[in-house]
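# Secondary and tertiary structure notes
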Amino acid sequence: MIPYGCQHITEEDIQAVVDVLHSDWLTQGPMVPRFEQAVADYCGVAHGVAVNSATSALHIACLSLGLGKGDWLWTSPITFVASANCGLYCGAQVDFVDIDPLTYNMSSEALAKKLAIAERKGNLPKIVVPVHMCGQSCDMTAIHALSKHYGFKIIEDASHAIGGSYRQEPIGCSRYSDITVFSFHPVKIITTGEGGMAVTNNSKLAEHMKRLRSHGITRIPEQMTHIPDGPWYYQQIELGFNYRMTELQAALGKSQLERIEKIVYRRTELAMRYDEMLTNLPLTTPWKHPDCQSSHHLYILRIKPTSDVSRNRFFHHLYKNGIGVNVHYIPAHTQPWYRSMGFREGDFPEAEAYYREAISLPLFPTLTDQAQEEIIHLIKKVIQS
Ligand SMILES: *Cc1c(COP(=O)(O)O)cnc(C)c1O
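Anyway, here's the lowdown on the structure attached to this text.

What counts as what
Residues take numbers from 1 onward in each chain, read along the sequence in its written order. Where totals are concerned, whole chains, interfaces and linings use all residues; where local detail is concerned, this predicted model gives features only for residues with pLDDT of at least 70, and gives and counts side-chain atom pairs only at 80 or more. Heavy atoms from the whole structure form the basis of all side-chain values; hydrogens and water molecules are not counted. Buriedness of a pocket was judged along seven lines, with at least five required to meet protein on both sides within 12 Å; pockets are open sets of points on a 1 Å grid over the protein atoms alone, cavities are sets where a 1.4 Å probe fits but cannot get out, and lining residues have an atom within 4 Å of a point. Grid points are joined across faces, edges and corners, and a volume is the space filled by probe spheres set on the points. Ten residues, namely Ala, Val, Leu, Ile, Met, Phe, Trp, Tyr, Cys and Pro, are considered nonpolar, four, namely Asp, Glu, Lys and Arg, are considered charged, and the remaining ones, Gly among them, are considered polar. How far each domain reaches was decided by an automatic or database domain assignment. Nearness of a residue to a molecule or strand requires only that one of the residue's heavy atoms be within 4 Å of it. Polar contact is the term for a pair of N or O atoms within 3.5 Å; when the atoms are in protein, one must be able to donate a hydrogen and the other to accept it, and sequence-neighboring residues count only if both atoms are side-chain atoms. Values of accessible area rely on a 1.4 Å probe in the Shrake-Rupley scheme; residue burial ignores everything except the protein chains shown. Runs of H or I in DSSP of at least four residues are treated as helices and runs of E of at least two as strands, each being numbered from the N terminus. Multiplying 1.5 Å by the helix residue count minus one yields the expected span of that helix. For every residue, the accessible area obtained with a 1.4 Å probe (protein chains only) is divided by the maximum for its type, and the residue is called buried under 20%, exposed over 50%, and partly exposed between those limits. Throughout, a contact is declared for two residues whenever any of their heavy atoms are within 4.5 Å. Two strands make a pair as long as DSSP finds a minimum of two bridges between them.

Quick look at empty space enclosed by the protein now. Gaps left between atoms show up when a probe the size of a water molecule is rolled over them. Inspection of the entire model under this criterion finds three cavities of 30 Å³ or more. Of the voids in this model, the largest cavity is the one considered here, and its volume is about 70 Å³. Lining the largest cavity we find Ser137, Glu156, Tyr166, Glu169, Pro170, Ile171, Gly172, Cys173, Ser174, Arg175 and Tyr176. Here the lining of the largest cavity is composed, by residue class, of five nonpolar, three polar and three charged. Empty space within the second largest cavity amounts to approximately 50 Å³. For the second largest cavity, the full set of lining residues is Cys6, Gln7, His8, Pro186, Lys188, Ile189, Ile190, Thr191, Gln256, Ile263, Arg267 and Pro365. Partitioning the lining of the second largest cavity into residue classes produces six nonpolar, four polar and two charged. When residues of the lining of the second largest cavity are sorted by domain, at least three fall in each of domain 1 (2–257) and domain 2 (260–384).

A few words on the site of the ligand. With respect to spatial proximity, 15 residues lie near the ligand, and among them Thr55, Asp157, His160, Ser183 and Lys188 are the closest. Note that a nitrogen atom of the ligand is positioned 2.8 Å from one of the side-chain N or O atoms of aspartate 157. At 2.8 Å, a side-chain N or O of serine 183 approaches an oxygen atom of the ligand. When isolated, the ligand has an accessible area of 380 Å², and the protein chains bury 93% of it. Residue assignment for the shell around the ligand shows that the elements contributing at least two residues are α3 (54–64) and α4 (82–89). For the shell around the ligand, a count of residues per class yields five nonpolar, eight polar and two charged.

What follows is about helix α2 (residues 31–43). End to end, α2 covers 18 Å across 13 residues, agreeing with the expected 18 Å (1.5 Å per residue, within 8%). Looking at α2, one finds that the buried residues are Met31, Val32, Phe35, Glu36, Ala38, Val39, Ala40 and Cys43. Its buried side turned inward, α2 meets β1 (47–51), β7 (169–170), β8 (179–183), β9 (196–200), α7 (203–212) and α8 (247–257). At the exit of α2 stands glycine 44, carrying a positive phi of roughly 70°.

A few words on the sheet that holds strand β6 (residues 165–166). Taken together, three strands build an open sheet; the order of strands is β7-β6-β13 and the sheet is antiparallel. Edge positions in the sheet fall to β7 and β13 (292–293), since each of these pairs with one other strand and no more. As paired elements, β6 and β13 share two bridges and run antiparallel to each other. Among the inter-strand pairings, tyrosine 166 is bridged to a residue of β13, identified as cysteine 292.

And the structure:
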């Protein structure tokens, strides 16, 4: 089975992890801040806070921005559920903004309309979480302008998108947001096994997120309620978690980051080959926004409902021939958990139409040209059958 995505581990990666095993530190030691600094430098952002998953990063990002009971968080329905769940962890309510049918990202027009209505009703969101689907940035200038007008905070869910850029700047530079979150799950652009990072230009938010990832404990005397009892002393000043990244993960991530350009280059090459080889077929290949360079985390086709071969038949044909196709994503608002909050089919028609048509083809740096050609061959066969 050719998977839709998979990690690439080199001998250098393995050696980096082995070196940590021979060192004095397994949990947060010198490697975690080094990895944080390397990601921050790569993205052109001031601070990085490494954690054990992007889900954890989203959670502490929301908390550091003060999200709580009575607040609203809005995100895209076409995302992994974690982008929405982080709002619920904080006791806030979650709502969605329909997608743009070209980019599959949150539509900034739909957002503007929904905000105008929410302002009248008095239920504006505290946080909006745009998700850079497949690694192509959302319309951040428009979303940023809306945040200034309506006063909400922005967390970019860039789980797909490290290595991409928007208006000539790296995704993660956080020019248009308060915090940007990356995932280092094995299918993503670079991996630490499990892992994630929140990056920000705001030193207060970074410090707060660092405290939240480790039980809400501080060792900074100025943050304590009285003078430390001694060098061993720490205080828990709020309720935090154990969301720490290990040294092993940080070493792997840092080693992977060193070749991110190569990784994204190969992904881009494969995506362009798909584009070329899939022209003149009853399929919609990904649309490229002129402001964006995607990291090409996913390659998603849309198969029109009017075409002779349905998405489902297309999926089954490829799957039974050993191609690990997938569908990203089931609209979050149609999950039973969200339905139980009152969301229904029909709430976000663009997202639902997209879901009926979408299929993700294999895309990862070690996919060979030959394997890709076999995939294309199978696609042409099912279309002509
Ligand atoms: C993968 C992913 C997440 C969650 O990442 P983890 O590191 O697995 O917690 C969140 N949002 C999106 C859009 C993702 O693709």
